[in-house]
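Descriptive structure summary
Read off the chains here:
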Amino acid sequence: MKILQMHADFIEYKPIKKEIRDAEEAKTDAVREEEVVVLFTAFERGDTPELAAKAVRDAKEFLSKLGAKRLMIYPFAHLSQDLAKPADALPLLETMVGEAKAQGIETMRSPFGWNKAMQIKVKGHPLAEMSRSYSEGQPTAQPRTQEPKQAQRESDPRSRLKKSDFGSLPETDHRVIGERLDLFSFQETSPGMVYWHDKGLKLWRVLEEMIRKEETKAGYVELSMPLLANSALWKVSGHWDFYKENMFVTSLGGEEFALKPMNCPSTMLYYKTRKWSFRDLPLRIACFDALHRNELSGVASGLFRVKMLTQDDAHIFATREGARAVIDELLDLMLRLYSIFKFDFEVGISTMPDDHAGTLEEWDEATEVLKSAVTSKGLKYAIKEKDGTFYAPKIDVDIKDSLGRKWQITTIQLDLQLPRRFGLVHTGTDGKEHETVTVHRAIFGSLERFIGILLEHYKGKLPVWLSPVQATVVPLSDEHVVYAKKILSKLLEDGVRAQGDLASGTLNSKVRNSQLLKIPYVLVVGAKEEAAGTVAVRSRDGEQRFGVKPEDFVEEVRALSSRFE
Ligand SMILES: [Zn+2]
């Protein structure tokens, strides 16, 4: 039995026509249910009533974890290639409904054997989507958090070499925008990981350079460290005890290794390569290495929740007294960057989780520093009870996506625990050794998620400074290709992100293509332009200007970029 479980704001379906001969009788009215956990269920050969009942009991556990009250069982054959016969499946479906009712759960189900039109709005929280698999002889099947498509067993491996399909999503969804603008794709062989296309990578680089410029001005240094590290490192950091289930573990020469889920432990090893004095602090260290986290990543998350991510990550090493000034500096940086994007955001302070390192007094001290720093910037915050990391309380900033779901971007954490585990010290004013504290921070958070947020925020129409391609050069006819190439070279040399559309084709179709890609400008060149050494500029909103000197256009793009417009 394969189950895909979704915690939904609503599900709406309408039986259209019978899919199989043995379909049960059903009304064809549309049905809508709200605040419901939906179990998309495929019954497989060999499934028993015991397994069906077990699946319901497991679902009940999630209902209570999620605070949900209602269950919908939705027969969904597409989760398996090894389906039970309809005559066997229907009684199992009834068993599930019966068991759920016996457990006191308000339960409904959709009809079996029908093609249904269906719409669902899944809540965005980490447990909103899960998949589980049950088979005989394995009655205590572990919850699986993989993509449902991975559950399909296909005999020809080549059939797995395909792109994920986002065809049915709304226009405002970043996955649809990303596909239209040719920014990235997801391939089913690397679930929850992004294939960045050229344009997407350009957008990425613009953001990375933006934050790197800020860091350079503020005196940060930047490191790059191995992605793979021996479990000894994760045992010292505590990740082995507190975070192992989210790590990709492998063995090498008989020892266990893991891909790093965070940069902190390796940055701390760097800190230990030499001695530091209070005069060296705060020491600001940036790192843009790739991280791997085996977190729940579902079909509905796209760039918002991925297994391979890169943060604009930094660790700032400070004296305990100096921590507050560091937090202030980071909040200023955050507010300055947010003002460019004009985001609406919500600040939260996440407190000590049940599973934590360190004493209550230390957590109180660190949490108070965060609270007073946030308040001093005139910001309001909500308390996120027990939502801190295992080593530190944190300031979190959430931004809403096009569906109104909240996603965390910025995080600022004041950590007294990991530095102690690693024995990080500095020489104080008294000439003695003192413990160093660490502030972990990412302003954009994961660049993947941040790009998803930006695409929805701007509805794909990125401002000129962010656009991966700022201008397309189009010759009016084949005679002007040489001149068009000359203009293109000049733009590229002067740092404008430009491309040429030099193939044959009508001007109108080329202008339309460029506009569909939301490229801010099309530069058209014909006989008049070539004779005068100019270009005709069309904006993506249809505004036209003739006789523009290429150097003036370059200046215009530079000026807009410097103002983040
Ligand atoms: Zn960190």
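Residues numbered from 1 in each chain as written. Predicted model: local features only at pLDDT ≥ 70, side-chain atom pairs only at ≥ 80, totals over all residues. Heavy atoms only, no water.

Time to look at the coordination of the zinc ion. Bound to the zinc ion are the protein donor atoms Cys264 (SG), His315 (NE2) and His440 (ND1), situated 2.1 to 2.3 Å from the metal. Between consecutive donors of the zinc ion, the numbers of intervening residues give the motif C-x50-H-x124-H. With a gap of 51 residues between them, Cys264 in helix α7 (residues 264-271) and His315 in strand β16 (residues 308-318) connect regions that are remote in the sequence. Just as Cys264 is buried, His315 falls in that class too. (Donors = N, O, S within 2.8 Å, 3.2 Å for Na, K, Ca; no water. Helix = DSSP H or I, 4+ residues; strand = E, 2+ residues; numbered from the N terminus. Buried < 20%, exposed > 50% of the residue type's maximum accessible area, 1.4 Å probe, protein only.)

Let us look at the pairing of strand β4 (residues 106-109). In the case of a regular strand, side chains alternate between the two sheet surfaces. Pairing geometry for strand β3 (residues 70-75) and β4, over 4 bridges, is parallel. Its bridge partner being in β4, Ile73 is matched across the sheet by Arg109. Once the chain exits β3 it traverses helix α2 (residues 86-102) before rejoining the sheet at β4, and the crossover so formed is right-handed. (Pairing = 2+ DSSP bridges. Right-handed = clockwise from strand over helix to strand, strands pointing away.)

Here we take up empty space enclosed by the protein. In total, this model carries 6 cavities of 30 Å³ or more according to the counting rule given. Approximately 90 Å³ is the volume found for the largest cavity. Contributing to the lining of the largest cavity are Leu181, Leu183, Lys199, Gly460, Leu462, Ser467, Pro468, Val469, Leu517, Lys518, Ile519 and Pro520. Among the residues making up the lining of the largest cavity, the classes are represented as 8 nonpolar, 2 polar and 2 charged. In terms of domain composition, the lining of the largest cavity takes at least three residues from each of domain 2 (175-457) and domain 3 (471-562). (1 Å grid on protein atoms, 1.4 Å probe; cavity = no way out; pocket = protein on both sides within 12 Å on 5 of 7 lines; lining within 4 Å. Points joined across faces, edges and corners; volume = space filled by probe spheres on them. Nonpolar A, V, L, I, M, F, W, Y, C, P; charged D, E, K, R; others polar. Domains from an automatic or database assignment.)

A separate point is the side chain of Arg449. Summarising the element assignment, Arg449 is placed in helix α11 (residues 447-457). Looking at Arg449, the relative accessible area reads 17%, which means it is buried. Contact partners of Arg449, with chain neighbours within four places excluded, come to Leu303, Phe304, Arg305, Trp407, Gln408 and Ile409. (Contact = heavy atoms within 4.5 Å.)

Relative to the assigned elements, Ser185 resides in strand β8 (residues 184-185). When sequence neighbours within four positions are dropped, the list of residues in contact with Ser185 reads Lys163, Val194, Tyr195 and His197.

For the rest of this paragraph, the subject is the nonpolar core. Counting 65 residues, the largest nonpolar core has Leu207, Ile327, Phe341, Phe444 and Leu466 as the members making the most contacts within it. The element best represented in this core is helix α8 (residues 323-341), accounting for 11 residues. For Leu207, the contacting residues outside a window of four places in its chain are Phe341, Phe444, Leu447, Phe450, Ile451, Leu454 and Leu466. Counting 27 residues, the second-largest nonpolar core is a separate cluster that includes Phe43, Ala52, Leu63 and Tyr134. (Core = buried A, V, L, I, M, F, W, Y, C linked by side-chain atoms within 4.5 Å.)

Two modes of strand pairing occur in sheets, parallel and antiparallel, and in both the strands are linked by backbone hydrogen bonds. On the basis of which strands lie adjacent, the open sheet formed by 5 strands has the order β25-β24-β26-β27-β28 and mixed pairing. Where the open sheet ends on each side, the last strands, each with one partner, are β25 (498-500) and β28 (544-548). Taking the axes of each pair of neighbouring strands and ignoring which way they run, one obtains an average angle of 25° across the sheet. As paired strands, strand β27 (residues 535-539) and β28 are joined by 3 bridges and run antiparallel to one another. Across the sheet, Val537 pairs through a bridge with Arg545, a residue of β28. Relative to the sheet, helix α13 (residues 507-516) contacts β24 (471-475), β26 (521-525) and β27, its axis offset from that of β26 by approximately 160°. (Axes fitted to C-alpha atoms, helices over the stretch in contact; angles between N-to-C directions.)

To continue, consider the sheet that holds strand β11 (residues 228-230). If you trace the 3 strands from one edge of the open sheet to the other, you get β11-β13-β12, paired in antiparallel fashion. The outermost strands of the open sheet, each flanked by one partner alone, are β11 and β12 (249-252). The mean angle between the axes of side-by-side strands here comes to 40°, regardless of whether they run parallel or antiparallel. Two elements, β12 and strand β13 (residues 255-259), share 4 bridges in a ladder whose sense is antiparallel. The residue bridging Leu252 from the neighbouring strand is Glu255, located in β13.

Position of Thr41 relative to the elements: it lies in strand β2 (residues 31-42). Sequence separation between Thr41 and Arg538 is 497 residues; the distance between their C-alpha atoms is 53 Å. When residues no more than four places from it in sequence are discounted, the contact partners of Thr41 are Met1, Lys2, Ile3, Ile73, Tyr74, Pro75, Phe76, Leu79 and Met96. A distance of 3.1 Å separates a polar atom in the side chain of Thr41 from the backbone oxygen of Leu39. (Polar contact = N/O pair within 3.5 Å; in protein donor to acceptor, adjacent residues only side chain to side chain.)

Another point: the packing of aromatic side chains. Scanning the entire structure with this criterion turns up 23 aromatic pairs. Look at Tyr270 and Trp276: their rings are 6.4 Å apart centre to centre, the planes differ by 55°, and that puts the pair in the tilted class. Assessed through its relative accessible area of 26%, Tyr270 is described here as partly exposed. Members of the aromatic cluster, connected to one another through ring pairs, are Tyr338, Phe341, Phe343, Phe345, Phe444, Phe450, Trp465 and Phe564. Positioned above the aromatic ring of Phe62, the side-chain terminus of Lys65 is 4.9 Å from the ring centre. (Phe/Tyr/Trp six-rings, centres within 6.5 Å; stacked < 30°, edge-to-face > 60°. Lys NZ or Arg CZ within 6 Å of the ring centre and 35° of its normal.)

Viewed as axis vectors pointing N to C, helix α12 (residues 481-493) and helix α15 (residues 550-562) meet at an angle of 35°, and their least axial separation amounts to 10 Å. Where α12 crosses over α15, the handedness of that crossing is right-handed. Between α12 and α15, the contacting residues are Ile487, Lys490 and Leu491 on the first element and Pro550, Glu551, Phe553 and Val554 on the second. Grouping the constituent residues of the contact of α12 with α15 by class yields 5 nonpolar, no polar and 2 charged. (Left-handed = near helix turned anticlockwise from the far one by under 90°.)

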